[in-house]
There are 2 protein chains.
Amino acid sequence: MKDEFICKENCPHYKIISQVKLTCPNGNAIIDLADMFKIFADSTRLKIICAILKQELCVCDISELLNLNQTTVSHQLKVLRDSKLVKYRREGKQIFYSLKDEHVIQIISAGLSHISEEEEK
Amino acid sequence: MKDEFICKENCPHYKIISQVKLTCPNGNAIIDLADMFKIFADSTRLKIICAILKQELCVCDISELLNLNQTTVSHQLKVLRDSKLVKYRREGKQIFYSLKDEHVIQIISAGLSHISEEEEK
DNA sequence: GTAACATATGCATATATATGCATATGAGAT
DNA sequence: ATCTCATATGCATATATATGCATATGTTAC
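Computed from a prediction, not measured in an experiment: that's the story for all the values here.

### A closer look at the sheet that holds strand β2 (residues 86-91) of chain B
Residue and element names in this part refer to chain B. Here three strands make up an open sheet; going across it, the order is β1-β3-β2 and the pairing antiparallel. What marks the edges here is a single partner per strand, and that holds for β1 (57-58) and β2. Where β1 lies against strand β3 (residues 94-99), two bridges are found, and the strand directions are antiparallel. Residue pairing across strands places Cys58 opposite Phe96, the latter belonging to β3.

Laid out in structure tokens, this is it:
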């Protein structure tokens, strides 16, 4: 990628750019943030999250409720476990999942309020 | 997908399930929400968003600042335009992009506060 | 008009990932 | 120990999407 032909002298506003560089989150934080949003970027996972938003449910309940294959639910629950968004407890043969903290609710409601405002326009 | 062999009589907690069905966002809202989070789920787009968080920048500035190919930046700006998260204005040959509203900042800071709390643990 | 520049877009490709089948694991009941 | 049930996991596959090259579009200057 040659940078000579890209508006080197004319265009870039160097003073602004150096200011922005200071205030931007650093590269790792950005990647962590993107990884976190990836978790919410799948409708199946979002449905699961919403299902356990207010109470714990076992895997089978979630499958039944959302009309999803048990395998699919387990796969996505693993993703949610790995990203530490859910906790779980065993009770006999069943495993009950629930949300780990309140941040999830904040993130989702921030998203929902954006969506709903878009619809008004 | 046969539903007979899935814990039909033993497991599902039908009363809870019917309650949850009432409180869950409906399918379309979930899909819209997932689509919105998809936008934030890519580090290149997040970088671009952060770059224009506080002031407008032209495409060339963004490429320069983030050390990204101009084509890549244009592609991702198109995604952001299509999802109505950014606005833009032309000034001569250059086009300046900026954020469209405050929701973006709320969503990102909700995400950031989750990230930073995770690190403390 | 043409040349130069800033940005956008079509196409091809590489990479990620969501899903489902088959099967493994782990727990209770007999 | 064996059977059944609830859940998890390995593997294969289909789909989505991020990127870059080549090129098109739109603007200014001459």
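### Regarding unusual backbone geometry
Among all residues save glycine, negative phi is the norm, and among peptide bonds the norm is trans. Phi is positive for Asn67 of chain A, which is not a glycine, with a value near 55 degrees. Considering the arrangement of structural elements, one finds Asn67 of chain A in the loop between α4 (59-66) and α5 (70-82). One non-glycine residue with positive phi stands out, namely Lys84 of chain B, at about 60 degrees. Position of Lys84 of chain B among the secondary structure elements: in the loop between α5 (70-82) and β2.

### Some words on the confidence of the model for chain A
All names here are of chain A. Here chain A averages 87 in pLDDT, and 89% of its residues register 70 or above. Averaged pLDDT values for the elements of chain A fall to 84 in helix α1 (residues 14-23) and rise to 97 in α5. Overall, residues 1-5 carries pLDDT values under 50, and its contacts beyond four positions in sequence, including any with other chains, amount to four contacts.

### Concerning the interface of chain A and chain B
Opposite the 60 residues of chain A that make contact, chain B presents 60 residues. Summed over both partners, the interface of chain A with chain B comes to about 5300 Å²; 75% of that surface belongs to carbon and sulfur atoms. Area buried by chain A at its contact with chain B is led by Phe37, His103 and His114 of chain A, which between them contribute 12% of it. Our count for the chain A to chain B interface comes out at zero salt bridges. Counting residues per element, the ones that place at least two in the side of chain A that touches chain B are α1, α2 (27-40), α3 (43-51), β1 (57-58), α4, β3 (94-99) and α6 (103-120) of chain A. Looking at the side of chain A that touches chain B, the element that brings in the most residues is α6 of chain A, giving twelve residues. The residue makeup of the side of chain A that touches chain B, split by class, is 34 nonpolar, twelve polar and 14 charged.

### Description of the sheet that holds β3 of chain A
All names here are of chain A. Read from one edge to the other, the open sheet built from three strands follows the order β1-β3-β2, with strand pairing classed as antiparallel. Each edge of the open sheet is held by one strand with a lone partner, namely β1 and β2 (86-91). Sitting on the sheet, α5 touches β2 and β3, and the angle it makes with β2 is about 120 degrees.

### Points about the relation of the copies chain A and chain B
At an RMSD of 0.0 Å, chain A and chain B line up after a rotation of 180 degrees and a shift of 0.0 Å along the axis. Such values leave the two copies arranged in the relation of a two-fold axis.

### A look at the pattern of salt bridges
Applying the stated criterion to the full structure yields eight salt bridges over all chains. With a closest N to O distance of 2.5 Å, Arg89 of chain A and Glu56 of chain A form a salt bridge. Of this pair, Arg89 of chain A sits in strand β2 while Glu56 of chain A sits in the loop between α3 and β1, placing them 33 residues apart in sequence. Across the pair Arg89 of chain B and Glu91 of chain B runs a salt bridge, and its minimum N-O distance is 2.7 Å. One salt-bridge network, in which partners are shared between bridges, spans Glu56, Arg89 and Glu91 of chain A.

### Structural notes on the packing of aromatic side chains
For the coordinates displayed, the defined rule picks out five aromatic pairs over all chains. A connected cluster of aromatic rings, assembled from ring pairs, spans Phe37 and Phe40 of chain A together with Phe37 and Phe40 of chain B. One residue, Arg89 of chain A, lies across the ring of Phe96 of chain A, its end atom 4.8 Å from the ring centre. Taking the ring centre of Tyr88 of chain B as reference, the NZ or CZ of Arg81 of chain B above it sits at 5.7 Å.

What counts, and at which threshold
Residues numbered from 1 in each chain as written. Chains lettered and ligands numbered in written order. Predicted model: local features only at pLDDT ≥ 70, side-chain atom pairs only at ≥ 80, totals over all residues. Heavy atoms only, no water. Pairing = 2+ DSSP bridges. Helix = DSSP H or I, 4+ residues; strand = E, 2+ residues; numbered from the N terminus. pLDDT = per-residue confidence, 0-100. Contact = heavy atoms within 4.5 Å. Buried area = accessible area lost by both parts, 1.4 Å probe. Salt bridge = Lys/Arg side-chain N within 4 Å of Asp/Glu carboxyl O. Nonpolar A, V, L, I, M, F, W, Y, C, P; charged D, E, K, R; others polar. Axes fitted to C-alpha atoms, helices over the stretch in contact; angles between N-to-C directions. Least-squares fit on C-alpha atoms with pLDDT ≥ 70 in both. Phe/Tyr/Trp six-rings, centres within 6.5 Å; stacked < 30°, edge-to-face > 60°. Lys NZ or Arg CZ within 6 Å of the ring centre and 35° of its normal.

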